[in-house]
Amino acid sequence: MAAPEFEIPKFREFPTVPAIVPGAMAHSKPYVANEKVQEGIGLPTKLDDDWQVTHDKVIGKFGELLGKYRSLKVFMDACVHCGSCTDKCHYFIGTNDPKNMPVARQELMRSIYRRYFTMPGKLFPKLVGARDLTKEVLDEWFSYFWQCSECRRCSVFCPYGIDTAEVTMAARHILDSVGYGQKYSNEILGKVNKIGNNLGLPGPALENTLEGLEEDVKDDTGVDVKYPLDVAGAEVLLVTPSADFFAEPHIESLIGYGKVFHAAGISWTLSSYASEAGNFGLFNGDYAMMRKVAMRIREQALELGVKRIVVGECGHAWRVAYAFWNTLTGLGAGGNDPFAVELQKQLDPRYKQPSHICEFTWDLIQQGRLKFDKEANDSRIITFHDSCNVARGSRMGDFAGGQFEIPRNIIRAVANNFVDMAPETIRETTFCCGGGGGVLTDDLIELRVKGAFPRMEALQHVVEHDGVNFMATICAICKAQFSKVLPYYGFNMRLVGGVHQLVSTAIRLGDEQ
């Protein structure tokens, strides 16, 4: 690996509050979406040449969001600058930039709120920390609100429950609405709306990939495990991140999903039209776009006549499915448009709709329908990284904390060697991988590497003390991020993989059962 053009944080003997380095990441900005990208998803193509027009649009959209989402106004008003969140952000810990303190990043937006939407700010702006909106301020928004992964760790420690992710989502939505979009995220939204997945894989390429996968699994196991596509009447529609179709280590989990369905004798299918679980509308704070992407899944569930919908290993996809699909698409009980009613009648009420693949697999394990050779994973000493959107934006199972216990239960069921990382770095206080929330792009590689620092520290500890050589996770972005940044910290990129990669290694198929 070529030497980086930036300094990589050094592991600390004891976690300490970073020394402040003002402006340390002021240079960090993602590429701006060009006119074609913006036009492809129905957004203004660029900033208006007349600054006053852009200024008025920003303030107008800000006011619209304040009126529409009471939570945003509460978050603008509630902060008392207590400092509880300051050292909780992985980006602040890794970059030392004070504007990456959650409270300071919010202040970039809150200062504009005070100036235009509060009486003290209108009358005495300097006394209350209000400032005028300028092009420089908008540029600052574009820089620092794309240095937030919307992981919500800071919100866990906030005594007022301020959700920094919602603030970031609102700022990005405002930027998009005036033609100041981020290239990476908006390109992906264009692909998923046009083709059906974030990678732009057309149906024939997807079909060819799955056929090759069947051949590989047959060669490896001697068993005809199928990876079906667009099969009407299947019991389960599996919606998984498109990275599972070709990228390492993601595809190993897809292989595991297929083996689980095969071993349990449950019919299933993937969809070429809805071949993406991820939903970048969440990252941009655009609920209309989030709904548009999610509706593809509803349409395919209806067309294929499935009884269950299962979501693969993807952190933000599960958050969207768990927290938003019901209200966005009427997938769950409560939707009253004709298609939602039809889908509710079609889906099997005995199962959660949707279900996470970990819930699905754990249920089968508890029923005794899956058998494993745990010794097959004996070469691995495993730890588990809790993905932030699963940990703090969803649940699994029928009990509090199921999103933490169920993946670990599966690991223990298929492997003999498991150890957790430090308790303050996992579960509800887990550190983000550093690549979530729309920053998984190489034009932000410095941010990604530095943002991964707290997780790399926790990993380093169990590697040294427990011999850990495999970090499992259930998020496509985490897998891609860690594969990229692990070598910067001296780890092998293959140290990361999916929970269902472990399942795939140990599961018994065919006569083995």
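Residues numbered from 1 in each chain as written. Predicted model: local features only at pLDDT ≥ 70, side-chain atom pairs only at ≥ 80, totals over all residues. Heavy atoms only, no water.

To continue, consider the overall build of the protein. Each helix and strand counted, the protein has 23 helices and seven strands in total. For 513 residues, the compact-globule formula gives about 24 Å, and the C-alpha radius of gyration of the protein, at 23 Å, lands near that figure. Per-residue burial for the protein yields a buried fraction of 60% across its 513 residues. Restricting the contact set of the protein to residue pairs at least 6 apart, pairs at least 24 apart contribute 79%. (Helix = DSSP H or I, 4+ residues; strand = E, 2+ residues; numbered from the N terminus. Rg over C-alpha atoms; globule rule 2.2 N^0.38 Å. Buried < 20%, exposed > 50% of the residue type's maximum accessible area, 1.4 Å probe, protein only. Contact = heavy atoms within 4.5 Å.)

Turning next to the state of the cysteines. Here the structure, examined in full by the defined rule, presents zero disulfides. Not engaged in a disulfide, the cysteine Cys89 finds its nearest cysteine sulfur in Cys151; these two sulfurs lie 6.5 Å apart. For the unlinked cysteine Cys475, the closest cysteine sulfur is that of Cys478, found at 3.7 Å. Since its relative accessible area comes to 6%, Cys475 is described here as buried. (Disulfide = S-S within 2.5 Å.)

This paragraph deals with a nonpolar patch on the surface. A surface patch of nonpolar side chains, about 490 Å² in accessible area, is lined by Met119, Leu123, Phe124 and Leu127. The topology assignment puts Leu127 in the loop between α6 (119-123) and α7 (135-144). For Leu127, a relative accessible area of 71% corresponds to the exposed category. (Patch = residues over 30% accessible without salt bridge, like charges linked within 9 Å, V, L, I, M, F, W, Y side chains within 5 Å. Areas by Shrake-Rupley, 256 points an atom, 1.4 Å probe, with all protein chains shown as cover. Salt bridge = Lys/Arg side-chain N within 4 Å of Asp/Glu carboxyl O.)

The next subject is the side chain of Glu150. Structurally, the position occupied by Glu150 is in the loop between α7 and α8 (153-157). For Glu150, the side chain forms a polar contact with the side chain of Arg172, separated by 2.9 Å. In this structure, Glu150 is in contact with Ala165, Thr168, Met169, Arg172, Leu282 and Phe283, ignoring residues within four places of it in sequence. (Polar contact = N/O pair within 3.5 Å; in protein donor to acceptor, adjacent residues only side chain to side chain.)

For the peptide bond that leads from Glu248 to Pro249, omega is 5°, which places it in the cis range. Looking at the element boundaries, Pro249 is found in the loop between β1 (236-239) and α12 (250-264). Cis geometry marks the peptide bond from Gln353 to Pro354; its omega dihedral reads -5°. Topologically, Pro354 is positioned in the loop between α16 (338-346) and β4 (355-356). With a phi close to 75°, Arg152 is a non-glycine residue in the positive phi region. Mapped onto the secondary structure, Arg152 falls in the loop between α7 and α8.

Helix α5 (residues 102-117) packs onto helix α3 (residues 70-78) with a crossing angle of 95° between their chain directions and a minimal axis gap of 10 Å. Taken together, α3 and α5 sit at an angle that is classed as roughly perpendicular. Residues Lys73, Phe75, Met76 and Asp77 of α3 lie in contact with α5, whose contacting residues are Met109, Arg110 and Tyr113. Class assignment for the residues of the contact of α3 with α5 results in four nonpolar, no polar and three charged. (Axes fitted to C-alpha atoms, helices over the stretch in contact; angles between N-to-C directions. Parallel < 35°, antiparallel > 145°, perpendicular 65-115°, else oblique. Nonpolar A, V, L, I, M, F, W, Y, C, P; charged D, E, K, R; others polar.)

With that out of the way, let us pick up the domain arrangement of the protein. Here the protein is described as being made up of domain 1 (35-181) and domain 2 (190-506). Between the C-alpha centres of domain 1 and domain 2 the distance comes to 31 Å. The partner domain 2 presents 31 residues to the 22 residues of domain 1 that form the contact. Counting each side, the surface lost to burial between domain 1 and domain 2 is near 2300 Å², with a carbon and sulfur contribution of 61%. Of all residues in domain 1, Trp146, Arg153 and Met169 give up the largest surface area on contact with domain 2, accounting jointly for 24% of the area buried on that side. For the pair domain 1 and domain 2, the interface holds zero salt bridges. Looking at the side of domain 1 that touches domain 2, the elements that each hand over two or more residues are α4 (90-95), α8 and α9 (164-177). Ranked by residue count, the leading element in the side of domain 1 that touches domain 2 is α4, at five residues. Residues of the side of domain 1 that touches domain 2, tallied by class, amount to 10 nonpolar, six polar and six charged. (Domains from an automatic or database assignment. Buried area = accessible area lost by both parts, 1.4 Å probe.)

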